[in-house]
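Remarks on the overall topology
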Amino acid sequence: MSSSVVSPAARLRGLRPDWLNNPKVWRTEVLAGLVVALALIPEAISFSIIAGVDPAIGLFASFTMAVTISIVGGRRAMISAATGAIALVIAPLNREHGLGYLVAAVILAGVIQVALGALGVAKLMRFVPRSVMVGFVNALAILIFMAQVPEMHDVPWPVYPLIVAGLALMVFFPKITTVIPAPLVSIVILTVAAGIAVPTVGDKGALPSSLPVPGLPDVPFTMDTLTTIAPYAFAMALVGLMESLMTAKLVDDITDTHSSKTRESIGQGIANIVTGFFGGMGGCAMIGQTMINVKVSGARTRLSTFLAGVFLMVLCIVFGPVVSDIPMAALVAVMVMVSFATFDWHSIAPKTLKRMPTGEIAVMVITVICVVATDNLAIGVGSVTAMVIFAKRVAHLANVTAVTDPDGSSVVYSVTGELFFASSNDLVGQFDYAGDPDQVVIDLSAAHIWDASSVAALDAIETKYAQRGKSVEIIGLNDPSADLHGKLTGELTSH
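Calculation rules
- Residues numbered from 1 in each chain as written.
- Predicted model: local features only at pLDDT ≥ 70, side-chain atom pairs only at ≥ 80, totals over all residues.
- Heavy atoms only, no water.
- Helix = DSSP H or I, 4+ residues; strand = E, 2+ residues; numbered from the N terminus.
- Buried < 20%, exposed > 50% of the residue type's maximum accessible area, 1.4 Å probe, protein only.
- Contact = heavy atoms within 4.5 Å.
- Patch = residues over 30% accessible without salt bridge, like charges linked within 9 Å, V, L, I, M, F, W, Y side chains within 5 Å.
- Areas by Shrake-Rupley, 256 points an atom, 1.4 Å probe, with all protein chains shown as cover.
- Salt bridge = Lys/Arg side-chain N within 4 Å of Asp/Glu carboxyl O.
- 1 Å grid on protein atoms, 1.4 Å probe; cavity = no way out; pocket = protein on both sides within 12 Å on 5 of 7 lines; lining within 4 Å.
- Points joined across faces, edges and corners; volume = space filled by probe spheres on them.
- Nonpolar A, V, L, I, M, F, W, Y, C, P; charged D, E, K, R; others polar.
- Core = buried A, V, L, I, M, F, W, Y, C linked by side-chain atoms within 4.5 Å.

1. A few points about the side chain of E151
With respect to the helices and strands, E151 occurs in the loop between α7 (130-148) and α8 (159-176). Residue classification places E151 among the buried residues on the basis of a relative accessible area of 17%. Ignoring sequence-local partners within four residues, the contact set of E151 consists of V159, K204, M328 and V332.

Take a look at the structure:
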């Protein structure tokens, strides 16, 4: 007599995260977390210096942010820690009023982020056009590279061959094996080989020797204190959410997976509240370390984010002397590689520029110039907010209806409405990629394509069906839409 009863052990295995059931995933996540932790150390110390606080404050913030967001965040494998943008926002407060006020502002910023997340502010991200996102990504890549330039200026000559050797290792080692992340191999080999006097991680500042202890900020709990910290807390909350949500959307695109932006917004707030109570300087998502984790090391789960924070503290407390001897050249090489991997080279290819509408190219270039010129990823908060409000006001979301043939061999999706960046972001989620038959027809007779974001959305839909072995036919395009789609389709994918 057969039985279909599933054993408790089998049910438990089904509830486990992927990394518990797959040794290969486990290895990838663990090694990725270690590489990110090594990269976080000099960055956190540098951001502490920008904020005017002890290096331990930035390292504690990176530890608590990473560990907390790995549990409560909405985007798996994204790294959150102390960041330069947050440091720039809160540095004046620390300089004028001291560390206690800075910590209080971090806690209040977290509360504001939780409130904004609960109110659904993350949903406004769909009103950010593709050209702004591409400009944001390219500006991030340029800023990551520019942040390494001081480490290559006025240094002993052996630094330069070490950087070149690190880059060569990261380019060629994956051709031999991908079992161990190339950045980790590069860091280890250069640390062992660098028996010469070059700048090291230890030169950036002393590493902490114990875990952070929770406590209340040392400030008077008065209305004067609230009015002092509120402007900084509000700015920090907006800057943190802007960077985190844009980074989450970028990771969504790279991994072809969806994440909850509302959960991420609330999670960022909770992480900052926890960080504040542990005396940290606050933080948000880090594009550079996230790219190391997701794109370079291949991590995809919360484990890598959690271990990045844990390894960071272990490395600082247990292996402090060894970590202090890592040459800065090794970490500079890793970040230079990340900057090249992050930049959307396809967006500036002559073939792409020739096909893209002039207005969208201008928006992308202006975004890059504004961010790079100010060295602040949040400089566009005001203008982007105004653009979002306008887009929300004029957006009439596209409506999609599906009709399946009686014989079940094909399905026709009728799309009605204006397709531009605000409505096209929703379009991708309105198709049943797994359940539809092998032949899919998208009828755009009652729709109009206005921009590259819409073409990119249609390309994404076709790609998702193709990954499942299904064909897509787009019909009913009017002449202007057909012209724009014909010029741009297949030309916008970069990751």
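2. So, a nonpolar patch on the surface
Residues F145, M146, V149, F340, W345, I348 and L353 make up a contiguous nonpolar surface patch of about 610 Å² in total accessible area. Tracing the chain through its elements places V149 in the loop between α7 and α8.

3. Let's talk about empty space enclosed by the protein
One pass over the full model with this rule turns up 2 cavities of 30 Å³ or more. Around the largest cavity, the lining comprises 13 residues; the ones closest to its centre are R130, S347, T352, M356 and M364. Going through the elements one at a time, α7, α16 (350-355) and α17 (358-374) are the ones with two or more residues in the lining of the largest cavity. Its residues assigned to classes, the lining of the largest cavity shows 6 nonpolar, 4 polar and 3 charged. I69, S70, G73, G74, R75, R76, A77, M78, E264, R302 and T305 are the residues that line the second largest cavity. Sorting the residues of the lining of the second largest cavity by element identifies α4 (55-72) and α13 (302-317) as the ones contributing at least two each. Across the lining of the second largest cavity, the residue classes tally to 3 nonpolar, 4 polar and 4 charged.

4. Quick word on the nonpolar core
Among soluble globular proteins, nonpolar side chains are generally buried collectively. The biggest cluster of nonpolar side chains holds 91 residues, and the ones touching the most others in it are I41, L59, M281, I292, L312 and I326. Looking at this core element by element, the count peaks at 12 residues for helix α3 (residues 23-51). In this view, I41 contacts L59, V201, L207, L312, L315, C316 and V323; residues no more than four positions away in its chain are not counted. By size, the runner-up hydrophobic cluster in this structure holds 27 residues, among which are V400, V411, V428 and A447.

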